[in-house]
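One-letter residues, chain by chain:
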Amino acid sequence: MTNTATSTRAIVTGGASDLRPRRAGTGHREQLVSWAFLAPFVVAFVLFLIWPIVHGIYLSFTDQSLTGAGGSLVGFANYAEALTDPVMWRSMGNTVWFTLLSTVPLVAIALLMAALVDRGLPGQWLWRLSFFMPYLLASTVISQIWVWIFNPQIGAANNVLEALGLEPLAWLQNPETNMMSIVIATVWWTVGFNFLLYLAAMQNIPPQQYEAASLDGASTWRQFWSITLPQLGPATVLILLLQILASLKLFDQAYQMLGGVASDTTRSIVQYIYEAGFTSYRFGYSAAISYVFFALIVIVGVAQAVVSRRRKEQL
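Described below are features of the structure shown in this document. Treat the numbers as computed from the prediction; the structure is a model and nothing was measured.

1. Let's talk about the side chain of Asn194
Looking at where Asn194 falls in the secondary structure, it is placed in helix 8 (residues 178-203). A relative accessible area of 2% places Asn194 in the buried class. Within the structure, the side chain of Asn194 is placed 3.3 Å from the backbone oxygen of Leu106, a separation counted as a polar contact. Not counting residues up to four positions away in its chain, the partners in contact with Asn194 are Leu106, Ala110, Ile239 and Gln243.

Pasting the structure below:
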């Protein structure tokens, strides 16, 4: 009885000691340790994101030049000039046109490629590797490959046209075909990323659903239409959003494939920002254009979020 009482008292005493409030110094020490771990990220975040944004906004209100001249505040003069600049709006239109031309095939072709691999093509590892491999290449390599393919004299593209009995084209030199040439190269380059996203989404669909549909006599096409496509909705929304944002940032492949020579049909808004800042030396005006473009991207992102939310509510 005595031992039992002693044990009970020890347990109660131990529990009470554990419930006692910790010293204030311990909590302060833990906060210091937490901030020590967070400090490298916070410093990098401020230096490489917050500060460039704040400094860019400041530059957009000045007449700062790349040469170091200027720097005085000019108010909204840069924004007023940008909004009335026909070259800027033409560049914006080219960017939107490229986005429309590239987004549809990048989604449709990626979906087709993922469906073929998911249904069990022989040698799946080889298909996955070949579909995704171009995405791993640098933009300079991709641009050089397609410059050779689109070469008017020795390019494979014109060889294919001649084999079909069609007239050869000056793919990159003709204003009527140069934008489509950039779209073709971009689709070949980046479709592998969307392919992987679709394939991952398809492989998360429970196979029991396909087995039940097969027992009910549903064909492969009916299974794809009634089971696969509806469950790929979230993946499709994600791919569309990522693809639109990526296409709006068109610069590398267009600049490199055309040798840095911009035309009225291929100059993107990012290239115009580059030209304003590093060719015309107008840093302030270049910053203003970039923030007009940033505002349009934010509008696209918000619109996409609203549409996605309404779609979820309807479901």
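So that's the structure; there's more coming.
2. Quick look at the pattern of salt bridges
Counting across every chain of the model gives 4 salt bridges. Between Arg267 and Glu275 there is a salt bridge; the shortest N-O distance is 3.0 Å.

3. Here's the deal with the side chain of Gln243
Locating Gln243 in the fold gives a position in helix 11 (residues 233-248). Taking relative accessible area as the criterion, Gln243 reaches 8% and is therefore assigned buried. A polar side-chain atom of Gln243 sits 3.1 Å from a polar atom in the side chain of Asn194. Those residues in contact with Gln243, other than ones at most four positions away along the chain, are Thr103, Leu106 and Asn194.

4. Examining the packing of aromatic side chains
Applying the stated criterion across every chain, the model contains 19 aromatic pairs. With centroids separated by 5.1 Å and ring planes inclined at 90 degrees, the aromatic side chains of Phe61 and Phe76 adopt a geometry described as edge-to-face. Note that Phe61 is positioned in the loop between helix 2 (24-60) and helix 3 (77-83) and Phe76 in the loop between helix 2 and helix 3, a separation of 15 residues in sequence. Note on Phe76: relative accessible area 60%, which makes it exposed. In this structure an aromatic cluster arises from ring pairing among Phe251, Tyr255, Tyr274, Phe278 and Phe283. Positioned above the aromatic ring of Tyr285, the side-chain terminus of Arg282 is 4.4 Å from the ring centre.

Criteria and cut-off values
Residues numbered from 1 in each chain as written. Predicted model: local features only at pLDDT ≥ 70, side-chain atom pairs only at ≥ 80, totals over all residues. Heavy atoms only, no water. Helix = DSSP H or I, 4+ residues; strand = E, 2+ residues; numbered from the N terminus. Buried < 20%, exposed > 50% of the residue type's maximum accessible area, 1.4 Å probe, protein only. Polar contact = N/O pair within 3.5 Å; in protein donor to acceptor, adjacent residues only side chain to side chain. Contact = heavy atoms within 4.5 Å. Salt bridge = Lys/Arg side-chain N within 4 Å of Asp/Glu carboxyl O. Phe/Tyr/Trp six-rings, centres within 6.5 Å; stacked < 30°, edge-to-face > 60°. Lys NZ or Arg CZ within 6 Å of the ring centre and 35° of its normal.

Honestly, it's all geometry; don't read function into it.
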